[in-house]
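The residues making up each chain are set out below.
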Amino acid sequence: MDSLYVSSHPDDFRSLLVRVAAEYSPTPPRTLTEEPPAEVARSRPALQVGGDQTAVLCGAGAVSWYLTALGGRTGHGAKQESQVWQWLSFAENELTPVACAAVFPLLGVLSMDKKMQQSSCAELLRVLKVLDQVLESRTYLVGEDVTLADMNVAMAALLPFKYVLEPTDRKSLVNVSRWFDTCVHQPQFLKVLGKIPLCEKMGPVSPTSTCVAGANDAAASHTATHDAPVTGPPKTEAQLKKEAKKKEKMEKFQQKKEMEEKKKQMQSQTEKKAKPEKKELGVITYNVPTPAGEKKDVLSPLPDSYSPQYVEAAWYPWWEKQGFFKPEYGRKSISEPNPRGIFMMCIPPPNVTGSLHLGHALTNAIQDCLTRWHRMRGETTLWNPGCDHAGIATQVVVEKKLMRERAMSRHDLGRERFVQEVWKWKEEKGDRIYHQLKKLGSSLDWDRACFTMDPKLSFAVQEAFIRMHEEGVIYRSKRLVNWSCTLNSAISDIEVDKKELAGRTLLPVPGYKEKVEFGVLVSFSYKIEGSDEEVVVATTRIETMLGDTAVAVHPDDSRYKHLKGKVVVHPFCDRKLPIVFDDFVDMNFGTGAVKITPAHDHNDYEVGERHKLPFINIMDENGFLINVPPPFLGMRRFEARHAVLQALKDRGQFKEIKDNPMVVPVCSRSKDIVEPLLKPQWYVDCTDMGKRAADAVRSGELKIIPEHHLKTWFNWMDNIRDWCISRQLWWGHRIPAYFITVNDPSVKPGEDVDGHYWVSGRSEEEAKEKAAQRFNVTVDKISLRQDEDVLDTWFSSGIFPFSIFGWPNECEDLSVFYPGTLLETGHDILFFWVARMVMMGLKLTGKLPFKEVYLHAVVRDAHGRKMSKSLGNVIDPLDVITGISLEGLHAQLKDSNLDPVEIEKAKQGQKSDYPSGIPECGTDALRFALCAYTSQGRDINLDVNRILGYRHFCNKLWNAVKFAMRTLGEDFVPCERAQLCGDESVVDRWILSRLCLAVRLCGNGFQDYDFPAITTAIYNFWLYELCDIYLESVKPVFSRTDPEGQKQAGVCRQALYTCLEVGLRLLAPIMPFVSEELFQRLPRRCPQHCPPSISVTPYPESSEFCWHSEELDRQMELVMTVVRTIRSLRADYNLTKTRADCYLQCIDSATTSLVEKYSLQIQTLSYSQAVHPVTGDDGSIPEGCAVAIASDKCTVHFLLKGLIDVEKELAKLKVKSGDLERQLEKLQERMEKSDYREKVPAKVQELDGEKLRQNQTELQKVKEAMENFTRML
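Residues numbered from 1 in each chain as written. Predicted model: local features only at pLDDT ≥ 70, side-chain atom pairs only at ≥ 80, totals over all residues. Heavy atoms only, no water.

**Considerations on the overall build of the protein**
Scanning the protein from N- to C-terminus turns up 43 helices and 37 strands. Projecting the C-alpha coordinates of the protein onto the three principal axes gives extents of approximately 115 × 110 × 60 Å. Here the protein, with 1273 residues, has 53% of them falling under the buried criterion. Considering only residue pairs separated by 6 or more positions, the protein has 76% of its internal contacts joining residues 24 or more positions apart. If you sum the accessible surface of the protein, you get close to 58600 Å²; carbon and sulfur atoms cover 51% of it. (Helix = DSSP H or I, 4+ residues; strand = E, 2+ residues; numbered from the N terminus. Buried < 20%, exposed > 50% of the residue type's maximum accessible area, 1.4 Å probe, protein only. Contact = heavy atoms within 4.5 Å. Areas by Shrake-Rupley, 256 points an atom, 1.4 Å probe, with all protein chains shown as cover.)

Following this line, the structure appears as C-alpha cells:
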C-alpha cells in the first residue's frame, strides 16, 4: 500500500493539497503525519509508492499530480491537460507568492510592515480579480468537474480566505468566492479541511487561534517545496541550496514590492509638483448682459482662444426667437409652392423619463446636420420634436418615487390618482430631455413639439385601434406572452435582454434574498404506465414539469416507436401524459425525449396546439404556483425549483444535473426573469401589413440605407408574427375596448377570449350602441366593462409620423408634411419602430410615412464594448460638452440602480478610461466627432480623446479666422459675389480650387449620408490646406509695400475672404455655434440683403463654386512633396532656426519652370534662404549639400557647408551608429532564438518586428548622413 507523509498543521496548504488529491485517488494511500524515514525521504509531503523505498515522489506538485492522475482529475485530452498545467503555474508563480506575502506577517512568520502589508494585499486582490474574470462564465477552472487545477488554486487561496479576505473583499470577488465555496464543499475537500472559518476582519492572528508552529510550517512549505522539522535529520547540501534559493526569491519579491511602493510614492509626488505646470484648456465665459432671445454681442473683440462656454452662449435662444427653425420662416405659408422642395423628418421620440446618452447625441447630431443642410439649401424644412410617454419606464419611475417618499404603492392610490401623479411628475421632470436637446444645438420647431399622451395624439391612437379592430386586424386571443412578475405586465421583445450563460451561474432575482441558479440541465424520468420502463427527459426549468401534459419524441426514433399510444404517469398527481410523435424533436439531443409544457414554453405551445394537449397554467401573475398539488401549491416559482428537485430525488426519479450553456430572458426594466405566461391579450394581425412593407422596399418605393440592413428587413417582414399590444399598466393609452354582458336570458354569457363579446368605441355610449346592434337587443340591456390594460407604447409610436399632424382630421400640416422625407434612427430599432411605422402608415393612410430610412451605427466605447452602466462607460453627452472630473463620474454611479459590486467595477472602468475625468470639449467638437465616426457600419467605437482633438481643431479654426480678419483689415469690403478676377496668384487659384473640391465633396456627402466624407473634406480644407499652406504662403504678400504688391494683396484678400465665408458655411450644419460666432464677425457681400444668421444662409453648391482644377492640384502636390523633403532634411540636421539654400535638381525644363513658378511658396513653406531650380546635371550645385529625392522629377540638394561643424556632427553620428548597431544585434539575436516564435507572445513579436524595422531605417539614414559629412571634409 502507498504511504503519504504529510504535515498535520492546519495551515500547511501544500500538505493539505496532497491530502485532498489523495481523496480523489481510486485507491487512497495510507496518510502518515510522522516524519518519513531518512532512507525514504527527507521532506514532506512525500509519497512512497508500494513498499519500494526507491519509488518515492517528493514535493506537493509531483505527489498531487500522481494521485489525481490515477483518478482522472488532470484533464481529459491534451488540451485540458495543458490548461491544468497552466493553472498549476498560475498557483505556483502568481497566487502563492502574493498570498504568502499577505498572510505570513499576520501569522507572525514575517515581520509586520504596515505599508508592505497593504501593498501585498492590494497585489493579492489584483491577482484574484484576474481569476474572478476567468470564473465569470465557468463553474470550474477546466472542464465541467473538479480537476487538479481547482485543488491547487483553491489551496493557494485557502490562507487568504481564512485570514485576509474580509466580507467586502469577498463580495467584490463574487465569482472567485462562489467557485472557492463550491470547491471546499465537495465531500473530498470537506473530509480534509472540515468547515473553513472565513475571515471577518483582517489582523494579526494570536497564538491561541492558530498554531504558530503550523504557521512556520506553512512558511517553510512556501520557501521550500518540502517540510523539514527543526529537530529533524540534517539536510543535504542540495536541499539547503534549494531552500536558500527559495528564500532569496521571497526576499526579492518583497524588495520588488517595496521598490514598486516607493516608485508609486515618487510618481505621486512628481505628479503633485508638476500639476500646476500643466497647461489647462482655457475657460472663457461670455459676460455681456444679453436678454434671452436677443442677439449676442458681436462687436466686442474675439477672445484670444476658443472656449466652448463663450462661443455657445446666447445663440440658441436667439435662433429660436427669430423663428429660424420653423418651416414658415421666409415664406408666407407652408402651402406656398417651393421649387427647392420640402424636407420633413420627425425625431425618434425619446422617453419622457430619459436623459441623453451618446446614442441620443449621435442620432441628434446626424439629424440636425441633415436638417440644417436642407434648410440652408432653401427647402421648406421641418424637424418635428416629440416625446414618448414610455409606459413601463415611466410607471416604474413614479412607483419607486411613491414608495420612497410616501411608502405607498399605486394600488394604495388607485388608478385615477396614480395617473394624476404621473402627469404631475411629467410636468415637473419631463422637459429635461428637451433642455438637453437644445444644449446639443438641435434645430427643432419647438412650437410643434408633441407628447404621445397629448389629447391630439391620444385621439389618433384611439381612432387607429377602433378602425383596425372593426376591420378585424386587431383581435382578441389567449397566447403566451413575455411576462414580468415584478411589473405584473407583459413586455415587448425589445424590453427583454438576452443574458448568455456558459454554464452554471447564480443570478439575482427581484424578491429573492439568495441568488438563483441558472445554466444547468436537470434530467429526470417519467414511468411508463403499467410497466417498469421509463423515459428520461431534461429541462432547464425543473419547476415547469408540474405543468407537463405530454412527452414528445421524433416519429423516426426507433427507440420509442414501441411506445406509440402509451402514457407516462406524473409523479406528483394522477395526470396521465401521452407520448406524442412530433417532427420538432431533435432525436440526437439528450435522450431524444422532450417534456411538453404548453402553457409555459413557446415551442411547447405550438406542439400543444398541434396535438390538442391540455394547457395547464401553473403560475399566477406574481410568480406563485397555482393548479399544482401540495406541497408545491402557493410556492414562489424559484423556491418550487428546489422543492421539485428534492421531491424527484426522494422518489428516485432524479437522474443528473449538469452545466448547460443557455440564454436567460431578463426584463430590462425590472431585471426580473421573464416567464412565458398564457394571457388573453389584444393582437395585431401583421401578415398582410408585413407583406406590403416588404413589397414597398422590394419595389424601391421605400429605400433603406445602408443596404446591408435589407436582409434583416426581409427576414422580419417575410416571417412576421402577430403583435401583442396589451400591457397590464395604468400609465398609457387605455384600450378603447369593452367586454359585453347582455342582460337577456336568450343570449348566453360570453368568455374573455371570445372576440364576439368585445366591442370598441370612441365612448362608452358608442360602444353600447354597437353592442346592442350586434346582439339585437335594446341599449338598456347592455352592460360594459372596459379593458383595464393599456396599449403597447410602440403602438402610439407606430402612428407618430401622422398623429403629430392631427390625423385623422385633415389639416394644412398633414397635407404638406405627410408623407415625410426621411426617417433617421439607430439600426437596433429597425423592426420595433421603423417597420411598425411603415405597416401602420400604409394601413391607416394608404401612404408610406417617409421615402427613405437612414440607419446609423450603434455607439460603443473606445474598446468596442457595448455601453453599460455596470462597466462605467455610459457617458452623458453633457459631461463631454461641459467636462467632468473623475470624482464627478464616480458620484453619478451612486445615484444609479447598480449594486455595490457593480459600482466598484464601474469605478474601475471609469478610472481606466478617464483617469483625469473628461475635459470640456464643447458641443461643436462632440457633434463633429460623432459625424466623423458615422461610417455606414454597425458599430462606432467612440474615444473621448478624439473628441478633444476636435476641440483643438476649433481652436485652430478660431485662430485662423482671427489672423485672417486682422489681415483683411477693418476697411475691407468683399466683392458682391464670389468669382475669379483673373489676377489671382497660383496659390490663390490653388486654394480656391481646393475650396471648390470641398464644396463638391460636402454636397455629395450629404446626398449620400456619408458623414465622414463631409467631416474629412472640411477638416482637410481648414487645417491642412487653408491654415498650413495658404495662410503661411501669403504672409510675404501682405508684407510688401510696393504698388504691385499692394494690388496682389488686394486680390489675395478677396480669395481669403471667400475661403473664410464659404468654409464657415460648409461647417455650419455640423458646428453651428462656432460657425455662427465667426460668421457674424465677417463683413457681408450685400449687407442689406444678407440673411441675419448663417443657419439660414445658402449652403455652398458646386454650380456656383466651379473652379476646381485637377492640374493645379497635381502641381501643388509636387510642390508640397518638395517642401516636405526640405523640412525632413532640416529636421535630420537639426537646423530648426537656420535658413539654408536649396538647389532643386529637376529632370526636365517643364519641372524646372513649375518649380520656378512656385519658388516663393517653396521658400516660404520650407523656411529656406533661397531656392535655386536646376535642370539636369548642369554642375551649378555646390559641394557640401545633403541630398534627398523628393520625387522621380525632382531631387533636393540642401546646402550644409558653413552652417554646421562637420567633424563634430560626424563624431555624434558615429556614436549613434554604434548604439544602433548594438541594439540591432541584440534584438536580432533574441528574435533568431529557436524557441522565440513559440514562447514570445504574438503582440511582443509584432512590437519587436516594428522596432527592428525602425532601427534599420534609422541606421540607414545615419550612414547616409555620415557619407554626406565625409564628402564635406
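**Things to note about the environment of R575**
The topology assignment puts R575 in the loop between strand 17 (567-569) and strand 18 (576-581). Accessibility expressed as a relative area gives 16% for R575, which makes it buried. Spatially, the C-alpha atom of R575 lies 9.1 Å from that of D548, the residues being 27 residues apart in sequence. For R575, the contacting residues outside a window of four places in its chain are L546, G547, D548, V568, V569, H570 and I616.

**Thoughts on the sheet that holds strand 9 (residues 474-484)**
In spatial order, the strands read 10-9-22-24; together these four strands make up an open sheet with antiparallel pairing. With partners counted over all chains shown, the strands left at the sheet margins are strand 10 (489-490) and strand 24 (723-724), one partner each. Against the sheet, helix 19 (residues 602-611) contacts strand 9 and strand 22 (675-684), and its axis sits at roughly 140° relative to strand 9. (Pairing = 2+ DSSP bridges. Axes fitted to C-alpha atoms, helices over the stretch in contact; angles between N-to-C directions.)

**Examining the side chain of S15**
As for its placement among the helices and strands, S15 is situated in helix 1 (residues 13-23). There is a polar contact of 3.1 Å between the side chain of S15 and the side chain of D12. For S15, the contacting residues outside a window of four places in its chain are V6, S7 and P45. (Polar contact = N/O pair within 3.5 Å; in protein donor to acceptor, adjacent residues only side chain to side chain.)

**A word on helix 13 (residues 358-376)**
The first and last C-alpha atoms of helix 13 sit 26 Å apart over 19 residues, in line with the 27 Å expected at 1.5 Å per residue. A large share of helix 13 lies buried, amounting to 17 of its 19 residues. G378 occupies a position one or two residues after helix 13 and carries a positive phi of about 95°. (Expected span 1.5 Å × (residues − 1).)

**A few points about the sheet that holds strand 28 (residues 782-786)**
Taken in spatial order, the three strands make up an open sheet running 27-26-28, and their pairing is antiparallel. Edge strands, defined here as strands with exactly one partner in the open sheet, are strand 27 (758-760) and strand 28. On average, each strand axis in the sheet is tilted by 40° relative to the strand beside it, whichever way the strands run. As paired strands, strand 26 (residues 737-742) and strand 27 are joined by three bridges and run antiparallel to one another. In the sheet register, F739 faces strand 27, and the bridge partner there is W758. Strand contacts of helix 18 (residues 455-470): strand 26 and strand 27, with the helix running at about 135° to strand 27, the strand carrying the most contacts.

**Here we look at the environment of K671**
Following the sequence through the fold, K671 ends up in the loop between strand 21 (662-667) and strand 22. Accessibility expressed as a relative area gives 48% for K671, which makes it partly exposed. Ignoring sequence-local partners within four residues, the contact set of K671 consists of D497, P508, P510 and V666. Looking at K671, its side chain comes within polar contact range of the main-chain oxygen of S668, at 3.4 Å.

**So, the pattern of salt bridges**
By the definition in use, this model includes 68 salt bridges. A salt bridge links K962 to D304; the shortest N-O distance between them is 3.7 Å. Pair noted here: K962 is in helix 32 (residues 944-968) and D304 is in the loop between helix 10 (237-274) and helix 11 (308-311), with a separation of 658 residues, a long-range link. A relative accessible area of 67% places D304 in the exposed class. (Salt bridge = Lys/Arg side-chain N within 4 Å of Asp/Glu carboxyl O.)

**Things to note about the confidence of the model for the protein**
In the predicted model, the protein carries a mean pLDDT of 87, and the fraction of residues at 70 or more is 91%. Taken as a whole, residues 208-235 scores under 50 in pLDDT and shows 63 contacts with residues more than four places along the chain or in a different chain. This model gives residues 268-279 a pLDDT under 50, and the stretch forms zero contacts once residues within four places in sequence are excluded. (pLDDT = per-residue confidence, 0-100.)

**Comments concerning the nonpolar core**
Ranked by size, the top nonpolar core spans 175 residues in total, and within it W1022, Y1030, L1144 and I1162 carry the most contacts. Each residue touching L1144, except ones within four places of it in the same chain, is listed here: V1122, I1126, V1155, I1162, V1171, H1172, P1173, V1174, C1194, T1195 and V1196. Counting residues in hydrophobic clusters, the runner-up holds 77 residues, among them I704, V759, I782 and I799. (Core = buried A, V, L, I, M, F, W, Y, C linked by side-chain atoms within 4.5 Å.)

**What to know about the packing of aromatic side chains**
According to the stated counting rule, one finds 49 aromatic pairs in the structure shown. Each ring, one from W794 and one from F832, has its centre 6.3 Å from the other, and the planes form 35°; the classification is tilted. Within this pair, whereas W794 is found in helix 24 (residues 793-798), its partner F832 is found in helix 27 (residues 830-845), the two being separated by 38 residues in sequence. Taken together, W373, Y854, F1006, Y1009, F1011 and Y1099 form an aromatic cluster joined through their ring pairs. Cation over ring: K1035 sits above F963, and NZ or CZ is 5.5 Å from the ring centre. (Phe/Tyr/Trp six-rings, centres within 6.5 Å; stacked < 30°, edge-to-face > 60°. Lys NZ or Arg CZ within 6 Å of the ring centre and 35° of its normal.)

**A short note on helix 43 (residues 1242-1272)**
Over its 31 residues, helix 43 extends 46 Å from the first C-alpha to the last, a length consistent with the 45 Å expected when each residue adds 1.5 Å. Within helix 43 the residues assigned to the buried category are Q1245, D1248, G1249, L1252, N1255, L1259, V1262, A1265, M1266, N1268, F1269 and M1272.

**Notes on the packing of helix 41 (residues 1206-1231) against helix 43**
At their nearest, the axes of helix 41 and helix 43 sit 9 Å apart, and the two run at 155° to each other. Judged on the interaxial angle alone, helix 43 and helix 41 are roughly antiparallel. Here helix 41 runs over helix 43; the crossing is left-handed. Residue classes in the contact of helix 41 with helix 43 are distributed as 14 nonpolar, seven polar and nine charged. (Parallel < 35°, antiparallel > 145°, perpendicular 65-115°, else oblique. Left-handed = near helix turned anticlockwise from the far one by under 90°. Nonpolar A, V, L, I, M, F, W, Y, C, P; charged D, E, K, R; others polar.)

**Considering the packing of helix 36 (residues 1043-1067) against helix 37 (residues 1072-1079)**
Close contact between helix 36 and helix 37 brings their axes to 9 Å; oriented N to C, the two are set at 155°. With respect to each other, helix 36 and helix 37 are oriented roughly antiparallel. Between helix 36 and helix 37 the crossing geometry is left-handed. Residue-level contacts link E1061, L1064, R1065 and L1067 of helix 36 to V1074, S1075, L1078 and F1079 of helix 37. A per-class count over the contact of helix 36 with helix 37 returns five nonpolar, one polar and two charged.

**Side note on the environment of T1195**
Secondary-structure assignment places T1195 in strand 37 (residues 1194-1199). For T1195, a relative accessible area of 19% translates into the label buried. Placed 629 residues apart in sequence, T1195 and K566 show a C-alpha to C-alpha distance of 95 Å.

**Focus: the side chain of T452**
Looking at where T452 falls in the secondary structure, it is placed in the loop between strand 8 (450-451) and helix 18. A distance of 2.7 Å separates a polar atom in the side chain of T452 from a polar atom in the side chain of H389. If we skip the residues at most four places from it in the chain, T452 touches C387, D388, H389, L457, S458, H733, S796 and F800.

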